[in-house]
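Analysis of the macromolecular model
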Amino acid sequence: MMLEETKKATYTIPVGPIHPALKEPIRLALTVDGEEIVDVDIFVGHVHRGIEWLGMNRNNPIQSIYVSERICGICNICHPFAFVMAVEHATGITPPPRAEYIRTIIAEMERIHSHLLWAGVAAHEIGFDTIFYLTWRVREEIMDLIEYVTGNRVTKAMFQIGGVRRDITEEQFPRIRQSLDYYKSLFDQLKRVFLDDKTIQMRTKNVGILKKEDALKLLTVGPSGRASGVPKDVRQNQPYAAYADLDIKVTTPDILTGTVVGDVYDRIIVRLLEVKQAIEIIEQCLEKMPPGPILAQPKTALLLKTLTKAEGEGIGRAEAPRGEVVHYVRLEAGQSTLATWKVRAPTYVNLMSAPTILKGMQIADVPIAFASLDPCLSCTNRIVVTDRATGQKSVTDYEELHRLSVEKTRKLQR
Amino acid sequence: MELLSPEKIIDSFKTALGDGFIDAKIYQREVALKKNKFRSIWVEVKQSAFRNAVEHICYLQKYPHLAIISSSDLGSEVELIYHFTIYYGYHLEELSLGLRVKLLKSDLRIPTITDLIPGAIFTERETQEMMGVEVVGIPDKRRLFLPEDFPEGAYPWRKDEKGPPSDMLRVLPGRKQKR
């Protein structure tokens with residue numbers, strides 16, 4: 001009798017919603033049988049700030065650009081990018097070609113910094129802090145470049161409906177090229193560090209597998225989807241801005257390894273290759289950038305008047321570092337705010353694949369597997385382990401989970 | 001897989017839906033220097049033909065990508081747009097497809113599509129709690145973003161009396177209370 005009860009005993013581990021290392025809170029309830037995860041439930045909404053409501057009730061469309069920039073601290077280019085495109089589609093305003101190229105350059109700079117940030121976090125999650133420090137030191141170069149081009153490291157305020165607010169001039173090109181050359185010279189080293197290291201391979205290969213069919217059904221986008229072989233990249237499929245002039249190919253892991261497994265290792269490959277691709281895109285944009293104005297309507301008051309009179313709807317899609325961002329906007333004549341604004345961030349859909357990925361894994365693999373999705377809101381502080389059979393409760397925290405992960409790495413290294 | 005042109009896609013909707021088809025339009029604009037086209041299709045269908053329309057999209061593209069459901073309060077009715085993308089994986093060929101369906105406020109019900117597209121669950125849950133549209137047959141009825149203590153029967157995106165109660169809204173200095 002006792003034996004049977006022990007067999008059925010499972011633990012429920014709530015993970016989150018506060019996490020000191022990552023940006024935003026989320027709660028995962030992991031049901032575990034011993035070390036193995038048997039079920040996962042997700043709770044979001046801890047930081048729902050009603051941003052769409054502000055755009056529909058308080059702000060005019062130009063003010064909404066700045067609010068959209070603050071949807072996410074890391075993707076603060078792709079959200080205004082998709083938003084201004086949606087408004088442009090709704091109103092018929094066409095940005096000048098030079099602005100399209102500047103937008104593309106800034107968006108790719110963001111991709112480089114975001115992927116490097118992720119690579120550092122991933123190394124930290126498996127207890128490889130040397131690589132974490134190395135990657136984040138290397139990342140400083142792109143942050144400096146972003147500051148040089150836009151005037152700010154984080155919120156760049158570059159976007160305006162019908163163009164961009166700051167130009168990139170000829171005199172700035174050498175400084176930009178210098179940074180790109182720096183990354184090109186480093187690429188082989190980064191590739192060696194992340195892909196050839198035995199410990200990283202042991203912790204990431206065949207861990208957190210997401211099959212192509214599951215990825216398609218659960219609508220996974222971005223590098224997480226592409227690592228599973230889903231050929232989805234807006235820059236290739238439905239190109240916007242200067243991407244429409246460039247011949248961009250979807251990055252899947254088989255370019256490097258010949259096969260698609262869909263594990264954490266494949267997600268590292270995709271992100272590393274995309275850093276290289278981003279450098280190439282910026283170089284091409286610098287070469288091809290046409291002269292001309294950067295704004296369709298430089299006078300903000302006139303632009304606002306046009307927007308208030310405008311009627312229509314539009315959809316803007318941009319490929320963020322984490323996947324596709326979609327903004328839907330509807331404008332009504334005579335209304336100073338947006339009539340409807342709907343934002344779809346990539347993590348919104350990518351989260352749905354977390355249960356599939358985590359099921360059947362060990363608790364020590366949770367940090368790296370969950371972080372491999374690069375969720376823009378993330379996990380793991382107070383962990384309450386409840387033994388259902390005995391009703392026993394023990395409380396651990398993020399450090400404990402992290403310690404488990406590091407311990408596993410050390411064990412494998414021996 | 002055969003890639004249909006936007007016009008042919010609309011024709012195929014007309015044949016598949018018959019009476020249920022209301023209207024469709026194609027939006028396109030030229031982008032950057034090479035003037036490649038950015039194209040999107042907007043199809044409006046009747047509430048009764050909605051399931052058939054989604055099944056037809058699944059026929060056009062195996063595993064269509066559902067980006068999001070957007071919803072607008074239009075006064076006497078609520079408009080839902082299901083934003084799909086189809087024909088991904090091909091350079092310049094992908095299309096955005098907005099499937100529009102208008103529901104009368106006296107009958108705010110829409111069938112679930114999670115059996116066809118399992119990943120639709122989050123956006124269906126969000127539409128249900130934010131707009132008050134009942135998703136019939138949804139496998140997970142819980143709220144997604146709203147906290148448990150948010151009042152029942154109030155829906156943040158509604159612009160009528162079912163919107164968020166006025167004592168929950170902070171009024172900015174110099175502005176008047178809306179309701």
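The shown structure was predicted, so the numbers you read here are calculated from the model rather than taken from an experiment.

The subject of this paragraph is the packing of helix H3 (residues 61-69) of chain A against helix H4 (residues 78-91) of chain A. Residues and elements named next belong to chain A. Orientation of H3 relative to H4, taken along the N-to-C sense of each, is 155°, at an axis distance of 8 Å. Classified by the angle between their axes, H3 and H4 sit roughly antiparallel to one another. For the pair H3 and H4, the sense of crossing is right-handed. For the pair formed by H3 and H4, the contact residues are Pro61, Ser64, Ile65, Ser68 and Glu69 on the first element and His79, Pro80, Phe83, Val84 and Val87 on the second. A class-by-class count of the residues in the contact of H3 with H4 yields 6 nonpolar, 3 polar and 1 charged.

Residues and elements named next belong to chain A. Domains assigned within chain A are domain 1 (2-46 + 360-413) and domain 2 (51-349). Domain 1 puts 18 residues into the contact, and the matching count from domain 2 is 23 residues. No other element matches the 5 residues that helix H18 (residues 398-413) contributes to the side of domain 1 that touches domain 2. When the residues that make up the side of domain 1 that touches domain 2 are grouped by side-chain class, the tally is 11 nonpolar, 4 polar and 3 charged.

Right, let's talk about the sheet that holds strand E4 (residues 77-86) of chain B for a bit. All names here are of chain B. Strand order across the open sheet formed by 5 strands is E1-E2-E5-E4-E3, with mixed pairing between neighbours. Here the strands that pair on one side only, and so sit at the sheet edges, are strand E1 (21-31) and strand E3 (65-73). When strand polarity is set aside, the average angle formed by the axes of neighbouring strands in this sheet is 20°. Pairing of E4 with strand E5 (residues 95-104), which is carried by 10 bridges, proceeds in the antiparallel orientation. Residue pairing across strands places Glu77 opposite Leu104, the latter belonging to E5. Together, E1, strand E2 (36-45) and E5 form the strand contacts of helix H1 (residues 6-17), whose direction differs from that of E2 by roughly 15°.

Quick look at the interface of chain B and chain A now. The figure often quoted for interface size is the accessible area lost as the parts come together. Chain B puts 36 residues into the contact, and the matching count from chain A is 36 residues. Looking at the side of chain B that touches chain A, the elements that each hand over two or more residues are E1, E2, E3, E4, E5 and helix H3 (121-131) of chain B. Counting residues per element, the side of chain B that touches chain A draws most heavily on E3 of chain B, which supplies 6 residues. Looking at side-chain class alone, the side of chain B that touches chain A contains 21 nonpolar, 11 polar and 4 charged residues.

Conventions used here
Residues numbered from 1 in each chain as written. Chains lettered and ligands numbered in written order. Predicted model: local features only at pLDDT ≥ 70, side-chain atom pairs only at ≥ 80, totals over all residues. Axes fitted to C-alpha atoms, helices over the stretch in contact; angles between N-to-C directions. Helix = DSSP H or I, 4+ residues; strand = E, 2+ residues; numbered from the N terminus. Parallel < 35°, antiparallel > 145°, perpendicular 65-115°, else oblique. Left-handed = near helix turned anticlockwise from the far one by under 90°. Contact = placed C-beta atoms within 7 Å. Nonpolar A, V, L, I, M, F, W, Y, C, P; charged D, E, K, R; others polar. Domains from an automatic or database assignment. Pairing = 2+ DSSP bridges.

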